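# A closer look at the structure
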Amino acid sequence: FSLQCFFVASGFERTMPKLLALAAAAAVPCAAFVPQGALRGHVVDETHNIGQQMFGASPSEAKSTGVFVGMVGIGAAGLSMFAAQQRRKTARRVTTLEVEEAVTGPKATEWPDPNKRYSASVPFLLHPKQLDGWVGGEKGFDPLGTTDAIPVYLMREAELKHGRVCMLATIGWIATDLGARFPAEVFQQVKSTVAAHDYLVENSFYMSEMLGVIGAIEVYGLWLLFKGWGGDIKREAGDFFLGKNFLPKDPKQADEMRLKELENGRLAMLAISGIITMAQSHPDQTWPFI
């Protein structure tokens, strides 16, 4: 039984019948080359005697060799038949399983898989374990799987920066469309937010000054980013060391405030995208584009 298991496991079972049949076919004709001069009732010619003397085979040895070769051939043929029979049984078992699966259909897998942890915010995706320990990480919100390839520190830095910019942009866009202006005369001539950029570039230098201020903030932010990511300074992602005194002293409540900032930033990114789309497609209208 162990020998049979070895043949089945190693894949030798498929080739063994051919090998054994070949051995049997090769062994049986070998008896023709055994000297027959020693057999009773046979006449041995001189040529055969010379060959017999050259091989040094006595009559008794020749007879024993013929019997041995015949037994080897019979044994090889028997093993070949046995292996072929086992192969047919295995083939019948596989065929039966295939028929059963075709009739009943494949077995249904349990979903959700109890052995896997799924995202709380996107329940058909797996929970990104790299978010554990971060604010909002318990919700597992990473539908694009970006944190699988990029460190969470860099992704959170970018998300907070874009969220804060979009929150300011949403408020500023709505306020400008509703009529709010800076005191200078050049700002009073701006008709709408969507036209403000081109008008101020052509009629003032304020946009150049604003670009310089934004560039300085970006350089400072990049310096903080790489220092904090590399561990040179103790800094959380998105921390500009401004306004932390307004956070609650309780760590749990402080994390709740950080989560609110994160989620409001995500909402603002969607909001400003919709506002800009509507403003470009309806340039004669202002917010709320009714």
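This structure is a prediction, so every number in the text was calculated from the model and none was measured.

Rules used throughout
Residues numbered from 1 in each chain as written. Predicted model: local features only at pLDDT ≥ 70, side-chain atom pairs only at ≥ 80, totals over all residues. Heavy atoms only, no water. Helix = DSSP H or I, 4+ residues; strand = E, 2+ residues; numbered from the N terminus. Buried < 20%, exposed > 50% of the residue type's maximum accessible area, 1.4 Å probe, protein only. Contact = heavy atoms within 4.5 Å. 1 Å grid on protein atoms, 1.4 Å probe; cavity = no way out; pocket = protein on both sides within 12 Å on 5 of 7 lines; lining within 4 Å. Points joined across faces, edges and corners; volume = space filled by probe spheres on them. Nonpolar A, V, L, I, M, F, W, Y, C, P; charged D, E, K, R; others polar. Polar contact = N/O pair within 3.5 Å; in protein donor to acceptor, adjacent residues only side chain to side chain. Axes fitted to C-alpha atoms, helices over the stretch in contact; angles between N-to-C directions. Parallel < 35°, antiparallel > 145°, perpendicular 65-115°, else oblique. Left-handed = near helix turned anticlockwise from the far one by under 90°. Phe/Tyr/Trp six-rings, centres within 6.5 Å; stacked < 30°, edge-to-face > 60°. Lys NZ or Arg CZ within 6 Å of the ring centre and 35° of its normal. Expected span 1.5 Å × (residues − 1).

### Notes on the environment of G221
Relative to the elements of secondary structure, G221 occurs in helix α8 (residues 206-230). Judged by its relative accessible area of 3%, G221 falls in the buried class. In sequence terms G221 and F240 are 19 residues apart; their C-alpha atoms lie 7.5 Å from each other. When residues no more than four places from it in sequence are discounted, the contact partners of G221 are E157 and F240.

### Digging into the layout of surface pockets
The space that makes up the second largest pocket amounts to roughly 460 Å³. Lining the second largest pocket are 19 residues, and of these F141, D142, T146, E159 and R266 lie nearest its centre. When residues of the lining of the second largest pocket are traced back to their parent elements, those giving at least two are α5 (152-177) and α9 (251-281). Element by element, the count of residues in the lining of the second largest pocket is highest for α5, at six residues. Residues that form the lining of the second largest pocket fall into these classes: ten nonpolar, five polar and four charged.

### Section: the side chain of S204
Tracing the sequence through the fold places S204 in the loop between α7 (193-203) and α8. Owing to a relative accessible area of 19%, S204 belongs among the buried residues under this scheme. Polar contacts involving the side chain of S204 include one to the main-chain carbonyl oxygen of L200, which spans 2.9 Å.

### A closer look at the packing of α5 against α9
Relative orientation of the contacting elements α5 and α9 amounts to 50°, with a least axis distance of 7 Å. The angle between α5 and α9 places the two elements in the oblique class. For α5 against α9, the interelement crossing comes out left-handed. Counted together, R156, E159, L160, H162, G163, R164, C166, M167, A169, T170, W173 and I174 of α5 and E261, L262, N264, G265, R266, A268, M269, A271, I272, I275, I276 and A279 of α9 form the full contact between these two elements. Residues of the contact of α5 with α9, tallied by class, amount to 14 nonpolar, five polar and five charged.

### A look at the packing of α5 against α8
Remark: α5 packs on α8, axes separated minimally by 11 Å, with the N-to-C direction vectors making an angle of 155°. It follows that α5 is roughly antiparallel to α8 by the angle criterion. Remark: the crossing between α5 and α8 carries right-handed chirality. Every residue of α8 that contacts α5 at Y153, L154, E157 and K161 is listed here: E218, G221, L224, L225, G228 and W229. Counted by class, the contact of α5 with α8 contains five nonpolar, two polar and three charged residues.

### Overview of the packing of aromatic side chains
Tallying each qualifying case throughout the model produces five aromatic pairs. Arranged with centres 6.5 Å apart and planes meeting at 70°, the rings of W134 and Y153 form a pair that is edge-to-face. Placement of the pair is W134 in the loop between α4 (59-104) and α5 and Y153 in helix α5, with a sequence separation of 19 residues. Chaining the aromatic ring pairs together yields one cluster made of F182, F187, F205 and Y206. In this arrangement the basic side chain of R235 is found over the ring face of F240, its NZ or CZ atom lying 5.9 Å from the centre.

### A few points about α9
Across its 31 residues, α9 extends 45 Å between first and last C-alpha, which sits within 8% of the 45 Å expected from 1.5 Å per residue. Restricting attention to buried positions, one finds in α9 the residues A254, L259, L262, G265, A268, I272, I275 and A279. Tucked into the core, α9 has its buried residues touching α5 and α7.

### Details of empty space enclosed by the protein
Evaluated as defined, the whole model comprises one cavity of 30 Å³ or more. Looking at the largest cavity, its volume works out to about 40 Å³. Lining the largest cavity are E159, L160, G163, R164, E261, L262, G265 and R266. Counting residues per element, the ones that place at least two in the lining of the largest cavity are α5 and α9. Considered class by class, the residues forming the lining of the largest cavity number two nonpolar, two polar and four charged.

### Structural notes on unusual backbone geometry
Note: most peptide bonds trans; most residues except glycine with negative phi. The omega angle of the peptide bond from W287 to P288 is 10°, so this bond is cis rather than trans. Within the secondary structure, P288 is located in the segment after α9. Phi at F241 is positive, roughly 60°, even though this residue is not glycine. Take F241: it is sitting in the loop between α8 and α9. Here F289, not a glycine, exhibits a phi torsion of approximately 55°, which is positive. Looking at where F289 falls in the secondary structure, it is placed in the segment after α9. By relative accessible area, which is 13% here, F289 ends up buried.

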